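Residues per chain, in single letters:
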2 protein chains.
Amino acid sequence: MDRIPILTMGHFLLVTIQVDMHDQLALTLQDDLTNKITSTLAKGVLIDISSLEIVDSFIGRMLGNISSMARVLGAGSVVVGMQPAVAITLVELGLSLTGVYTALDVEKGMQLLRRQIDADFYHLTTDGNFVEI
Amino acid sequence: MDRIPILTMGHFLLVTIQVDMHDQLALTLQDDLTNKITSTLAKGVLIDISSLEIVDSFIGRMLGNISSMARVLGAGSVVVGMQPAVAITLVELGLSLTGVYTALDVEKGMQLLRRQIDADFYHLTTDGNFVEI
């Protein structure tokens, strides 16, 4: 396992994390994802962590980094499918995933991304500038 | 890694196979997938194998089984994202994945599933029977 696949679905990219992340895999994912955002002009990234039973500070930082990278490339990002036990552990560890949007499943994540895009569009157009989204 | 996550996207289910399959994992996937098809009334299953670099007879048989199971439960299925080298090896091994639909990526797979559903609908309605899809 040397890289995590990134699926394209319309304007969104979907990443399903199923294996334990290590340094090199996380770096490769960040590289692949940023390249894919620019090559596909994606508007949003969904990161599914439903099969992760442990989210430690390394994964937490990686999720934060990916969100920030997507944001500066003009794409939203949502972490979906977090298991209840993971949410409990995260808060107990003091990791609150600041700056990372979350949703219960892929569909709700997509709705959230669409709302973000619509809000941006509305904000930009009411400022008098037209930006194609 | 004891199970492969199954994502729900509208009427479709998405499975991304990223790890080497072994007997138990394949059985668990078949169980989970058939249960999910019945509980969500899914109309189609997308199986992404873009990160598999080897598809042997075991995986080939598993894909065939999953397709057949989905079919008897009233859902279509498409295997998406096969790497070119995998296609070459499959044919050289004499594994032609009979009965398994394939598409280049998730989007094309979804289009194929939608066409299948439309075709079934047309077929059923022109026979004089109405079936809700």
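Calculation rules
Residues numbered from 1 in each chain as written. Chains lettered and ligands numbered in written order. Predicted model: local features only at pLDDT ≥ 70, side-chain atom pairs only at ≥ 80, totals over all residues. Heavy atoms only, no water. Helix = DSSP H or I, 4+ residues; strand = E, 2+ residues; numbered from the N terminus. Buried < 20%, exposed > 50% of the residue type's maximum accessible area, 1.4 Å probe, protein only. Contact = heavy atoms within 4.5 Å. Areas by Shrake-Rupley, 256 points an atom, 1.4 Å probe, with all protein chains shown as cover. Buried area = accessible area lost by both parts, 1.4 Å probe. Salt bridge = Lys/Arg side-chain N within 4 Å of Asp/Glu carboxyl O. Polar contact = N/O pair within 3.5 Å; in protein donor to acceptor, adjacent residues only side chain to side chain. Nonpolar A, V, L, I, M, F, W, Y, C, P; charged D, E, K, R; others polar. Pairing = 2+ DSSP bridges. Axes fitted to C-alpha atoms, helices over the stretch in contact; angles between N-to-C directions. Right-handed = clockwise from strand over helix to strand, strands pointing away. Least-squares fit on C-alpha atoms with pLDDT ≥ 70 in both.

Caption draft 1: Just the overall build of chain A, in detail. Scanning chain A from N- to C-terminus turns up four helices and five strands. Moving toward the C terminus, one meets the helices and strands of chain A in the order β-β-α-β-α-β-α-β-α. Burial statistics for chain A: of 133 residues in total, 44% are counted as buried. Pairs at least 24 apart in sequence give 70% of the contacts found in chain A among residues at least 6 apart. Accessible area of chain A: about 7100 Å², with a carbon and sulfur share of 54%.

Caption draft 2: Up close: the interface of chain B and chain A. At the junction of the two partners, chain B supplies 18 residues and chain A supplies 18 residues. Counting each side, the surface lost to burial between chain B and chain A is near 1500 Å², with a carbon and sulfur contribution of 62%. Linking chain B to chain A there are zero salt bridges. Linking chain B with chain A are four residue pairs in polar contact (both at pLDDT 80 or more). Broken down by secondary-structure element, the contributors of at least two residues to the side of chain B that touches chain A are strand 1 (6–9), strand 2 (12–16) and helix 4 (106–126) of chain B. Here the residues of the side of chain B that touches chain A sort into nine nonpolar, six polar and three charged.

Caption draft 3: Structural view of the sheet that holds strand 5 (residues 101–103) of chain A. All names here are of chain A. Here we have five strands laid out as an open sheet, ordered 1-2-3-4-5, and mixed in their pairing. Both outer strands of the open sheet, strand 1 (6–9) and strand 5, are each paired with one neighbouring strand and no more. Strand-to-strand twist across the sheet, computed as the mean angle between neighbouring axes with direction ignored, equals 25°. Examined bridge by bridge, strand 3 (residues 44–48) and strand 4 (residues 76–80) share five bridges and lie parallel to one another. Among the inter-strand pairings, glycine 44 is bridged to a residue of strand 4, identified as glycine 76.

Caption draft 4: Seen up close, the sheet that holds strand 3 (residues 44–48) of chain B. All names here are of chain B. The five strands lie next to each other as 1-2-3-4-5, forming an open sheet whose pairing is mixed. Unpaired on one side and paired on the other, strand 1 and strand 5 (101–103) mark the two borders of the sheet. The sheet shows a mean angle of 25° between the axes of neighbouring strands, taken without regard to direction. Pairing between strand 2 and strand 3: five bridges, direction parallel.

Caption draft 5: Structural context of the pattern of salt bridges. All names here are of chain A. Counting across every chain of the model gives four salt bridges over all chains. One salt bridge connects aspartate 105 with lysine 108, and the closest N-O pair in it is separated by 3.9 Å. Aspartate 105 sits in the partly exposed class, given a relative accessible area of 30%.

Caption draft 6: Summary view of the pairing of strand 3 of chain A. All names here are of chain A. When you tally the buried positions in strand 3, you get five out of five residues, the bulk of the element. With helix 1 (residues 23–40) bridging strand 2 (residues 12–16) and its parallel neighbour strand 3, the resulting β-α-β unit is right-handed. The parallel pair strand 3 and strand 4, bridged by helix 2 (residues 57–72), forms a crossover whose chirality is right-handed.

Caption draft 7: Inspection of the side chain of aspartate 32 of chain A at higher detail. Position of aspartate 32 of chain A relative to the elements: it lies in helix 1. Residue contacts for aspartate 32 of chain A: discarding those within four places in its chain leaves Arg3 and Ile6 of chain A.

Caption draft 8: Quick peek at the side chain of glutamine 116 of chain A. Assignment of secondary structure puts glutamine 116 of chain A in helix 4 (residues 106–126). With near-sequence residues (within four places) excluded, glutamine 116 of chain A lies in contact with Gly76, Ser77 and Tyr101 of chain A.

Caption draft 9: Just the relation of the copies chain B and chain A, in detail. The transformation that overlays chain B on chain A combines an axial shift of 0.0 Å with a rotation of 180°, and the residual RMSD is 0.0 Å. Look at the turn and shift together and you get a two-fold axis relating the two. Of all interface residues in chain B, 94% are interface residues in chain A too; the two copies therefore contact each other through one and the same surface.

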